[in-house]
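Examination of the molecular architecture
Now for the letters of each chain:
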Amino acid sequence: MRLPTAAVSLTAILLSSTAQAGEEPLYSATPDWVEEADFVGLVADESVPAELLRDWQYRIEDGVVLAYHDFAIRVDNPQALMSQNTQTLTWLPDKGDLTIHRFEIYREGELIDLVEQGVTFDVLRRERGLEQRLLDGQLTASVSVPGLREGDVLRISHTVSTDDQALGEEVQATQFLRSEPWQVGFARTVMSWPSDEDMYWRAEDRVELSQPVERDGYNYLTVDLPLEEADPMPQDAPYRFRRPPVLRVGSFESWLELSAVMYPHFEDAAALPEGSPIRERAQEIMAQTSDPRARAALATQLVQDDISYLLNGLDGGNYLPQSAAETWENRYGDCKAKSVLLLSLLREMGIESEVVLVSTRQGDAVPELLPLPAAFDHMIVHAIIDGTDYWLDGTSAATRLANLADVPPFYHALPLRDGGAQLMPMVQRDLAVPQMAMSMDFDHSRGVDFPALFTMEMTMSGPMAAGLESVVDANDPEALRSMATSFGGSEGLQVSNLSVAYDSENAVGTVVIEGIAQTSFSWTDGRLRFSDEMMEDDLTFNPDRARPEWRDIPVATEGPGRVQISFAMTLPEDGEGYELENGGSYEWDNANSRLVNYIGIENGRMIGTSDIFMTLGEVAAADLPEARRTARRFAASTPEVTPPQDVTWRWELSSDERAALAAPILEAYEAAISFADEDDQGPRYARAAFLRNVYDYEAALADYDVLIEEEPSAWVYAQRALLHRRVGDIDAAIADQREAYELNPSAANARTLADLLTYHGDAEEALELLRYTPVAEDDRVYHDDDLGTAMAIAGDVDGGSALIEEMVADFPQNSTALNGDCWFRGLFATQLDTALARCTQAVERAANPSNAIDSRALIHFRLGDFEQALADLDQALAMSPAQAASHYLRGIVRLHAGDEGGREDLETGLLMAPELETIYSFHGIAPPQ
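These numbers come from a predicted model, not from an experiment. (Residues numbered from 1 in each chain as written. Predicted model: local features only at pLDDT ≥ 70, side-chain atom pairs only at ≥ 80, totals over all residues. Heavy atoms only, no water.)

A few words on the overall build of the protein. Tallying secondary structure elements over the protein gives 29 helices and 38 strands in all. Whereas a compact globule of 929 residues would reach a radius of gyration of roughly 30 Å, the protein reaches 38 Å, over 25% beyond that. Referenced to the eigenvectors of the C-alpha coordinate spread, the extents of the protein come out at roughly 110 × 80 × 55 Å. Each of the 929 residues in the protein was classed as buried or not, and the buried ones make up 51%. Counting only contacts in the protein whose residues sit at least 6 apart along the sequence, the fraction spanning at least 24 positions is 69%. Accessible surface computed for the protein: about 41,900 Å², of which carbon and sulfur atoms make up 47%. Taken together, the 68 basic and 159 acidic charged side chains of the protein have centroids lying 2 Å from each other. (Helix = DSSP H or I, 4+ residues; strand = E, 2+ residues; numbered from the N terminus. Rg over C-alpha atoms; globule rule 2.2 N^0.38 Å. Buried < 20%, exposed > 50% of the residue type's maximum accessible area, 1.4 Å probe, protein only. Contact = heavy atoms within 4.5 Å. Areas by Shrake-Rupley, 256 points an atom, 1.4 Å probe, with all protein chains shown as cover. Lys, Arg positive; Asp, Glu negative; His and termini not counted. Charge placed at Lys NZ, Arg CZ, Asp CG, Glu CD.)

The structure is reproduced here in structure tokens:
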């Protein structure tokens, strides 16, 4: 075995280059300060995972950070070979060097030194964030590993030095600490620095940090890896509870010192020479208005709109700002450059202001972090006008006077001041204007079971609106269709028109949407009801703190936010008889959300307004129980509209009345089909469903003919089969259902095809189909029910009855099985003496017993008890008014009882489901002759 400590080719060290220092990788032996891991032992140990070694060591000295990384991995499979075949290393050449110490392959006891063989890394500039306008100055050294094979161990060690111009003699170093279940043979992080240098260190609470060990004039701080796997944490916990473990070391004693060190760079960059065009622009703004707030808004708008975003990280630019003059001349800059330019403008106008560092991600956790520049990732401007704090972001968009006072969601800011400053809380306040105002108008005048035509106008302000400006400028119909598809698809709406406008002066964008919405009323507990589910969702507060270890963890609340909603619905029949529960004006304040609300019925219209404020912050663990109770109380008092009991249903209308009410809805569906993308068949599906619901089966068939051509599927064929059956074209229905079964040979498709065959002359084929169809256990009840019926129609009533009895014996508490038995007995007039008891069992066990009650009514009819049959049918229809079979059977029973009004029930049932006449008459269930 041959493992030399450092065999490095002299030719590699002395590679000729005209590049500036730092722009080419260096090659040298491992530095003396590095304590090398026992690589030989790791290779010899066959129990070690594929990732053998991860050794991170830092030497912090004289304002320079040396970051050493030793990495070794065993290539165990083709996937690993592919992933490890190309290796890349990155560094910032304006701050230091990349030095490669080892580039080796260990193969069956032999060491292959690739550097010694002349293999070198190629350098390319890889700007990974150009799509986000980031030019970070990072260089990438890349190499394809020659000759790498499965079974090899690849080892690379290198050091990156960093001497940050912005920090002077101050330093910082950070290292993410990986946790289980990460598997590695040996891993650690070591930070070291001279014993006579003041250094500070900190990591998250779950990291057990021991005191540094002094050795040979240096302090060593070591963390063995991986850490124990972190305990699960609720996702709604504040970030300080969820942040990943990081070891931080730096020379800054306090935020005050950090502020003081950074201050001069930004103060110098903001200085303006005489005659600067920036001074001239400030004067122009001042000439427009004497209001300092308006001036600040105009200055912020100027920086946002006229200076494009580009991070220039070259020559120390990650922490050092461009000068205001350079930014103005180049017309681009990052958050530092934009903030410095805005600072120059504000000061020129006499507005007290300063730049501040903020964190867009670590927010509430910042006060717990070690004072380091790395704690921050963004810069904005803090201005004070008439004693009020304003937080102005030159990289944001659409700042105007109306939203100037909005506080961004950064929790804390570090002002950069002469002599330094401590962290400053960014105190939240209600947004002055809504981020979104939504006005919704629904026309439900045609009936509770008709779709509603709607117009919705959404007005957005501030950054939320800025994206609409480009949509308006592009004037791209496809973009509008895409917006309409995403909007309609999420709420089941069909969009017939969508328009967008943008008011650049006020930074307000408007989207107007027109279309068709499904009925807002739902049948619940035997009544039609309408409630504002959107409001319930907005105000739900039920954080999970069930685990004992979570009970002391607060809940983070999002914000700041403000949404305004106005709602109007034109009610059917001018709102006559419609009742409103929990209406009126009220205000609700809970869990950092506040709602100001009104809802009422006025002049046949339900009208509501809501103003919802959301505050960034958190709810203390001790306050969570009461916050939950308050949310539940509010949910229980959500406004609800109940129509009158004698509401007019669509089947109670004449065909002419239905057609007149449907006409404007069909016109809107036609507009939606024309507006949609040619590949979007959603509006046509919706129109076909509506046409079926208003019993225009021929027109619905025409839509399904198109859908078969455009998007053929088992479901579409099955739907068209049903429509063919409704219009009496049985051959076409069977053909379509066969196609549906071929495309998807499911048990459900098999049963539907068998039902068609059974009642139209081919019970034997139906039996064969059902007997050879694989059936899952949870589908067996439905299958056995249909199979028993087919057997009985084919002539084996006793066999069918026995099969269903066996099914009930296997599922004695299953309401569907019990109802299947009840219905079978009624269809075939068998075992009627014990049928009522079985039917009542089905009724008692059903969540919605309307079907079982209908089946029991059939037994009463077979027994000649028309009064009880009618009582059951009335009850079934009270529960499920659209149950076609109950309407039809009630008509038959009424006629047998001598009530000619039954003909109206017959017509209603056959309007809903014309196939009922064939099915019922097959079993001798028909009106009297």
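Next, the rest of the story.
Inspection of the entire model under this criterion finds 1 disulfide. A disulfide bridge connects Cys 822 with Cys 839, and the sulfur atoms are separated by 1.8 Å. Between Cys 822 and Cys 839 the sulfur-sulfur dihedral comes to about 90°; the bridge is accordingly right-handed. Of the two residues, Cys 822 is situated in helix 23 (residues 815-828) and Cys 839 in helix 24 (residues 835-845); the sequence distance between them amounts to 17 residues. Of the two residues, Cys 822 and Cys 839, both sit in the buried class. (Disulfide = S-S within 2.5 Å.)

Before going further, it helps to examine the pairing of strand 27 (residues 494-503). In the case of a regular strand, side chains alternate between the two sheet surfaces. Pairing geometry for strand 27 and strand 28 (residues 508-517), over 9 bridges, is antiparallel. From the neighbouring strand, Leu 498 faces strand 28, where its bridge partner is Ile 513. From the end of strand 27 to the start of strand 28, which pair antiparallel, there are 4 residues, and Ala 507 there has a positive phi angle of about 55°. (Pairing = 2+ DSSP bridges.)

The subject of this paragraph is the pattern of salt bridges. One pass over the structure, following the stated rule, counts 55 salt bridges. A salt bridge links Arg 188 to Asp 55; the shortest N-O distance between them is 2.8 Å. Residue Arg 188 is located in strand 12 (residues 186-194), and its partner Asp 55 is located in strand 2 (residues 51-61); the two are separated by 133 residues in the primary sequence. The residue Asp 430 makes a salt bridge to Arg 594 at a minimum N-O spacing of 2.3 Å. Here Arg 594 lies in strand 35 (residues 593-602) and Asp 430 lies in the loop between strand 24 (424-425) and strand 25 (436-443), a separation of 164 residues in the sequence. By sharing partners, the salt bridges in this structure join Glu 204, Arg 240, Arg 243, Arg 248, Asp 364, Glu 368 and Glu 618 into a single network. (Salt bridge = Lys/Arg side-chain N within 4 Å of Asp/Glu carboxyl O.)

Strand order across the open sheet formed by 8 strands is 27-28-26-25-32-36-35-34, with mixed pairing between neighbours. Among the strands making up the open sheet, the edge pair consists of strand 27 and strand 34 (584-590). Strand-to-strand twist in this sheet, taken as the mean axis angle between neighbours without regard to direction, amounts to 10°. Its contacts with the sheet place helix 14 (residues 655-675) against strand 26 (452-461), strand 27 and strand 28, and it is angled at close to 65° to strand 27. (Axes fitted to C-alpha atoms, helices over the stretch in contact; angles between N-to-C directions.)

When strand 21 (residues 378-385) meets strand 22 (residues 388-392), the two strands line up antiparallel, connected through 5 bridges. Bridge pairing in strand 22 places Ile 384 opposite Asp 389.

Our next topic: the packing of aromatic side chains. Summed over the entire model, instances satisfying the criterion amount to 20 aromatic pairs. Ring centres 5.8 Å apart and planes at 40° place the aromatic pair Tyr 669 and Phe 690 in the tilted group. Of this pair, Tyr 669 sits in helix 14 while Phe 690 sits in helix 15 (residues 682-693), placing them 21 residues apart in sequence. As far as burial versus exposure is concerned, Tyr 669 and Phe 690 are alike and both buried. Among the aromatic residues, ring-to-ring pairing joins Phe 442, Phe 454 and Phe 567 into one connected group. Just above the ring of Tyr 218 sits the side chain of Arg 59; from NZ or CZ to the centre is 3.8 Å. The ring of Tyr 390 has Arg 429 sitting right over it, with the charged end atom 5.8 Å from the ring centre. (Phe/Tyr/Trp six-rings, centres within 6.5 Å; stacked < 30°, edge-to-face > 60°. Lys NZ or Arg CZ within 6 Å of the ring centre and 35° of its normal.)

With that out of the way, let us pick up the confidence of the model for the protein. Looking at the protein as a whole, its pLDDT mean stands at 92, while 94% of the residues score no less than 70. Scored below 50 in pLDDT, residues 1-21 shows 33 contacts in the model against residues more than four places distant or in partner chains. In the predicted structure, residues 127-134 sits below a pLDDT of 50 and forms 16 contacts with residues beyond four places in sequence or in another chain. (pLDDT = per-residue confidence, 0-100.)

What follows concerns the environment of Leu 320. As for its placement among the helices and strands, Leu 320 is situated in the loop between strand 18 (311-312) and helix 8 (324-330). For Leu 320, a relative accessible area of 22% translates into the label partly exposed. In the structure, Leu 320 is positioned 58 residues away from Met 262 in sequence and 8.7 Å away in space, judged by C-alpha atoms.

Let us now look at the sheet that holds strand 20 (residues 352-358). If you walk across this open sheet you meet the 5 strands as 22-21-20-23-24, and the pairing is antiparallel. Here the strands that pair on one side only, and so sit at the sheet edges, are strand 22 and strand 24. By the bridge criterion, 7 bridges tie strand 20 to strand 21 in an arrangement that is antiparallel. Within the sheet, the bridge partner assigned to Leu 357 lies in strand 21 and is Met 379. Packed onto the sheet, helix 9 (residues 335-348) meets strand 20, strand 21 and strand 22 and runs at close to 15° relative to strand 21.

With that settled, consider the nonpolar core. If you look at the biggest cluster of nonpolar residues, it comprises 94 residues, and the most contacted ones within it are Met 458, Leu 498, Ile 513 and Phe 521. Sequence-distant contacts of Met 458, that is, excluding residues within four places in its chain, are made with Met 436, Ala 437, Met 438, Phe 487, Gly 509, Thr 510, Val 511 and Ile 513. (Core = buried A, V, L, I, M, F, W, Y, C linked by side-chain atoms within 4.5 Å.)

This next bit is on the environment of Asp 389. Along the polypeptide, Asp 389 turns up in strand 22. Along the sequence, Asp 389 and Glu 587 sit 198 residues apart, while their C-alpha atoms lie 28 Å from each other.

Note on helix geometry: an α-helix contains 3.6 residues per turn, so any two residues three or four positions apart are oriented the same way. Among all positions of helix 24, only Ala 835, Arg 838, Cys 839, Ala 842 and Val 843 are buried. Take helix 24 and look down its axis: the buried residues cluster within an arc of 145°, on one side only. Away from its buried face by more than 90 degrees, helix 24 exposes Ala 837 and Glu 844. Packed against the buried residues of helix 24 are helix 22 (797-810), helix 23 and helix 25 (850-862). (Arc of directions from axis to C-beta.)

Another aspect to go through is the side chain of Asp 905. Along the chain, Asp 905 turns up in helix 28 (residues 902-912). A distance of 2.8 Å separates the side chain of Asp 905 from the side chain of Arg 894, its partner in a polar contact. Sequence-distant contacts of Asp 905, defined by excluding residues within four places in its chain, comprise His 887, Tyr 888, Arg 890, Gly 891 and Arg 894. (Polar contact = N/O pair within 3.5 Å; in protein donor to acceptor, adjacent residues only side chain to side chain.)

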